[in-house]
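What follows is each chain in one-letter form.
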Amino acid sequence: AIAENTPQSDYQLEADIAKTRAFTLISDLGEALRKDEGLYLVYQPKIELRTRKVVGAEALIRWKHPVLGNVSPAQFIPLAENTTLIRPLTDWVIDNVARQINRWKKKNLFMSVSINITANNLSEGDFAERLMSTLQDYQLTAADIEIECLETQKILESNVALSSIAMLKRLGFLISLDDFGSGYSNLTYLNKIPIDIIKIDKSLIDNINKDTNSRVIIKSLISMLHKLHYVVLAEGVEDQKTIDYLVSLGCDQVQGYHLSRPLMPAEFARWCENHDIP
Ligand code: C2E
Ligand code: CA
Ligand code: CA
Ligand code: CA
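Residues numbered from 1 in each chain as written. Chains lettered and ligands numbered in written order. Predicted model: local features only at pLDDT ≥ 70, side-chain atom pairs only at ≥ 80, totals over all residues. Heavy atoms only, no water.

## Considerations on the environment of V71
Structurally, the position occupied by V71 is in strand β3 (residues 69-71). Expressed as a C-alpha distance, the spacing of V71 and L25, which sit 46 residues apart in the sequence, is 9.1 Å. Residues in contact with V71, not counting those within four places in the same chain, are L25, W63, H65 and F76. (Helix = DSSP H or I, 4+ residues; strand = E, 2+ residues; numbered from the N terminus. Contact = heavy atoms within 4.5 Å.)

## Some details on the site of ligand 1
In the neighbourhood of ligand 1, 20 residues make up the surrounding shell, with Q44, R62, D178, E238 and Y257 lying closest. For ligand 1, a nitrogen atom lies 3.1 Å from a polar atom in the backbone of I61. One of the side-chain N or O atoms of E238 is found 2.5 Å from a nitrogen atom in ligand 1. Expressed as a share of its isolated accessible area of 800 Å², the protein-covered part of ligand 1 is 82%. Taken together, the elements giving at least two residues each to the shell around ligand 1 come down to β2 (53-65), α2 (73-81) and β6 (174-180). Looking at which element gives the most residues to the shell around ligand 1, the answer is β2, with 4 residues. Split by residue class, the shell around ligand 1 holds 8 nonpolar, 5 polar and 7 charged. (Near = heavy atom within 4 Å. Polar contact = N/O pair within 3.5 Å; in protein donor to acceptor, adjacent residues only side chain to side chain. Areas by Shrake-Rupley, 256 points an atom, 1.4 Å probe, with all protein chains shown as cover. Nonpolar A, V, L, I, M, F, W, Y, C, P; charged D, E, K, R; others polar.)

## Focus on helix α9 (residues 212-227)
Compared with an ideal rise of 1.5 Å per residue, which puts 16 residues at 22 Å, α9 spans 23 Å between its outermost C-alpha atoms and is within 8% of the ideal. Taken as a whole, α9 has its buried residues at S214, I218, L221, I222 and L225. Down the axis of α9, the buried side of the element spans an arc of 95°, and every buried residue falls inside it. Seen from the buried face of α9, the exposed residues on the opposite side, beyond 90 degrees, are T212, N213 and K227. Here the buried face of α9 lies against β6, β7 (197-200), α8 (202-206), β8 (231-234) and α10 (240-248). The backbone nitrogen of N213 lies 3.2 Å from a side-chain oxygen of the residue at the head of α9, namely D211. (Expected span 1.5 Å × (residues − 1). Buried < 20%, exposed > 50% of the residue type's maximum accessible area, 1.4 Å probe, protein only. Arc of directions from axis to C-beta.)

## Here's the deal with the packing of aromatic side chains
This structure, assessed with the given rule, holds 4 aromatic pairs. Judged by centre distance (5.0 Å) and plane angle (70°), the rings of Y43 and W104 are edge-to-face. Of the two residues, Y43 is situated in strand β1 (residues 39-48) and W104 in helix α3 (residues 86-106); the sequence distance between them amounts to 61 residues. No difference in accessibility class separates Y43 from W104, as the two residues are buried. Ring-pair connections join several aromatic residues into one group, and the members of that group are Y43, W104 and F268. Over the ring of Y257 we find R261, and its NZ or CZ is 3.9 Å from the ring centre. (Phe/Tyr/Trp six-rings, centres within 6.5 Å; stacked < 30°, edge-to-face > 60°. Lys NZ or Arg CZ within 6 Å of the ring centre and 35° of its normal.)

## Some details on the coordination of the calcium ion (ligand 4)
Taken together, D179 (OD) and D179 (OD) make up the protein donors of the calcium ion (ligand 4), found 2.8 to 2.9 Å from the metal. In this structure, the calcium ion (ligand 4) is positioned 3.6 Å from the calcium ion (ligand 3), and both are ligated by D179. With respect to the helices, strands and loops of the structure, D179 is situated in strand β6. (Donors = N, O, S within 2.8 Å, 3.2 Å for Na, K, Ca; no water.)

## Digging into the environment of G69
Note on placement: G69 falls in strand β3. Judged by relative accessible area, which is 18%, G69 ranks as buried. Through-space distance from the C-alpha of G69 to that of T90 is 21 Å; in sequence the pair is 21 residues apart. When near neighbours in sequence (up to four residues on either side) are disregarded, G69 contacts W63 and K64.

## Thoughts on the packing of α3 against helix α5 (residues 127-137)
Where α3 meets α5, the axes come as close as 10 Å, and the angle between the chain directions of the two elements is 30°. In terms of orientation, α3 and α5 fall into the roughly parallel class. Between α3 and α5 lies a crossing whose hand is right-handed. Here R87, T90, D91, I94, D95 and A98 of α3 come into contact with α5, specifically with F127, R130, L131, T134 and L135. Here the residues of the contact of α3 with α5 are counted per class, giving 5 nonpolar, 2 polar and 4 charged. (Axes fitted to C-alpha atoms, helices over the stretch in contact; angles between N-to-C directions. Parallel < 35°, antiparallel > 145°, perpendicular 65-115°, else oblique. Left-handed = near helix turned anticlockwise from the far one by under 90°.)

## Concerning the pairing of β6
Of all 7 residues in β6, 5 are buried; the element is thus mostly enclosed. Where strand β5 (residues 145-149) meets β6, 4 bridges bridge the pair, whose relative direction is parallel. Following the sheet pairing, E148 is matched in β6 by S176. Both β6 and β7 contribute to a ladder of 3 bridges, which runs parallel. Bridged to S176 within β7 is I197. (Pairing = 2+ DSSP bridges.)

What follows is the structure, encoded as structure tokens:
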């Protein structure tokens with residue numbers, strides 16, 4: 001009887017440990033935000049393939065936990081999204097990005113920065129209004145910021161989220177759709193959300209080097225997205241061969257370790273001065 005119970009108990013124990021860790025992370029993240037301790041942003045360049053120029057950066061959050069060390073956003077963002085923490089977290093990101101752009105401008109580095117926004121952020125009725133007000137505090141406009149959103153299903157289910165996006169678009173923000181082609185999507189939503197830029201998910205880009213069928217899929221996908229007048233960005237590009245292929249397909253922009261990892265602000269500024277795109 002004991003042996004029979006063991007797998008069940010092990011499973012229960014693991015679930016309890018996961019729950020405890022999640023609880024600890026949520027409570028510590030709340031504290032990190034309140035004290036503004038351990039959180040910082042890194043910036044990954046976006047390159048335009050036609051000109052080989054940096055056309056922007058994506059801000060990505062980092063958290064150095066006092067005991068656990070670096071915790072990945074892939075781990076704590078979903079936890080924040082399931083609690084009320086996503087609002088103060090995104091406020092923190094917006095405030096820090098705006099301050100950074102303002103500093104860069106004073107040094108004659110003009111860089112539009114994209115921020116990652118969740119469906120719950122968009123479901124806050126006053127999201128666009130608060131974003132504009134923070135930008136004004138730093139003498140910035142909608143042209144300085146790009147909005148990256150994912151979870152289209154969740155956005156489509158919320159009228160508030162849909163009207164937030166429409167409002168952001170009217171205010172002049174570029175809207176990009178993150179992780180395109182990952183998981184299930186039926187494409188009909190493309191008509192329902194005013195998207196400017198489509199970011200093709202790394203999982204599809206990685207397949208380019210694997211087989212001919214995958215290359216045919218990417219080729220047709222980019223051609224279709226161009227016919228629909230989207231700007232197409234390929235994310236997670238890790239080698240030159242992939243870049244060469246994307247250039248041959250007329251892909252507009254790329255992001256990935258092969259060009260640059262996400263960088264600290266000072267490193268990013270230096271990178272913009274010195275880089276030579278292959
Ligand atoms: P994402 O928005 O799809 O961001 C791209 C992720 O891929 C980043 O991971 C980036 O560091 C990584 N990456 C970029 N180029 C390469 C490459 O060539 N190879 C590989 N293997 N990885 C590459 P990161 O920073 O760990 O972020 C993970 C996810 O967490 C992001 O995925 C985004 O969904 C979320 N996230 C990060 N920062 C924020 C934030 O400030 N707010 C919100 N709401 N979500 C964020
Ligand atoms: Ca993103
Ligand atoms: Ca992405
Ligand atoms: Ca992703």
